[in-house]
Amino acid sequence: EHLAGNMLAFVHFGARLEPLYGGTRFLLLYLTSGVVAGMLSSSEAILLGASGAISGVIGAKIYWCFKHGAAEGARMMLQLFLEEGVLVPMLANIV
């Protein structure tokens, strides 16, 4: 279930964000988010978290919306993730 959620989020947000940032920058964003999430993890093991990488992609989309005048859409998206518990379980895996 968790893996399916990560895959769905990656396909959904990745397809919309990759054209905005370009392939190379999107790949760097995804990989960097995964590495940083793994470093911030409370686990003693070295992790490369897909959930953290997806959270970084979602954060980049919210940032892009605010930067390009779509603040209402970004607020709605952030509210959805917080209220529906989509983002919180993802973050719980990296903290």
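For the structure itself, consult the block above.
All of these numbers come straight from a predicted model, not from anything done at the bench.

**Some points on the nonpolar core**
Phase 1: Residues Phe-13, Leu-17, Val-57, Ile-58 and Ile-62 are the most contacted members of the largest nonpolar core, which totals 13 residues.
Phase 2: Of all the secondary structure elements, the ones that give two or more residues to this core are helix 1 (2-21), helix 3 (50-67) and helix 4 (71-83).
Phase 3: It is helix 3 that contributes the most residues to this core, six residues altogether.

**Let's talk about the packing of aromatic side chains**
Phase 1: One pass over the full model with this rule turns up two aromatic pairs.
Phase 2: Judged by centre distance (5.1 Å) and plane angle (65 degrees), the rings of Phe-10 and Tyr-30 are edge-to-face. A residue pair is termed long-range when its members are at least 10 positions apart, and Phe-10 in helix 1 and Tyr-30 in helix 2 (residues 23-40) qualify at 20 residues.
Phase 3: Put simply, the rings of Phe-10, Phe-26 and Tyr-30 touch in pairs and so form one group of aromatic residues.

**Some points on the packing of helix 1 against helix 3**
Phase 1: Where helix 1 contacts helix 3, the two axes come as close as 9 Å, and the packing angle between them is 35 degrees. Considering how the two elements wind past one another, helix 1 and helix 3 form a crossing that is left-handed. Taken together, the residues of helix 3 that come into contact with helix 1 (itself represented by His-2, Asn-6, Ala-9, Phe-10, Phe-13, Gly-14, Leu-17, Leu-20 and Tyr-21) are Ala-50, Ser-51, Ile-54, Val-57, Ile-58, Ala-60, Lys-61, Tyr-63 and Trp-64.

**Details of the environment of Val-11**
Phase 1: Here Val-11 shows up in helix 1.
Phase 2: According to the relative accessible area criterion, Val-11 is exposed, its value standing at 55%.
Phase 3: The spatial distance from the C-alpha of Val-11 to the C-alpha of Ile-54 is 10.0 Å, given a sequence separation of 43 residues.

Criteria and thresholds
- Sequence order as written defines the numbering, with residues in each chain counted from 1.
- This being a predicted model, a pLDDT of at least 70 is required before a residue's local features are given, and a value of 80 or more before pairs of side-chain atoms are given or counted; all residues contribute to the totals for chains, interfaces and linings.
- Based on all heavy atoms of the structure, the side-chain values leave hydrogens and waters out of the count.
- We define a nonpolar core as any set of buried Ala, Val, Leu, Ile, Met, Phe, Trp, Tyr and Cys residues linked to one another through side-chain atoms lying within 4.5 Å.
- A simple rule labels every residue: compare its accessible area, found with a 1.4 Å probe on the protein chains alone, to the largest value its type can have, and call it buried under 20%, exposed over 50%, or partly exposed in between.
- Here a strand is any run of E in DSSP of at least two residues, a helix any run of H or I of at least four, and the numbering for each starts at the N terminus.
- Here the aromatic set is Phe, Tyr and Trp, taking the six-membered ring for Trp, and pairing holds for ring centres within 6.5 Å; pairs whose planes are under 30 degrees apart are stacked, those over 60 apart are edge-to-face, and all others are tilted.
- Every angle, taken between N-to-C directions, lies between 0 and 180 degrees, and every axis is a line fitted to C-alpha atoms, over only the stretch in contact when it is a helix.
- Left-handed is the label given to a crossing in which the near helix is rotated counterclockwise from the far helix by less than a right angle, and right-handed is the label when the rotation is clockwise.
- Should any heavy atoms of two residues lie within 4.5 Å, those residues are considered in contact.

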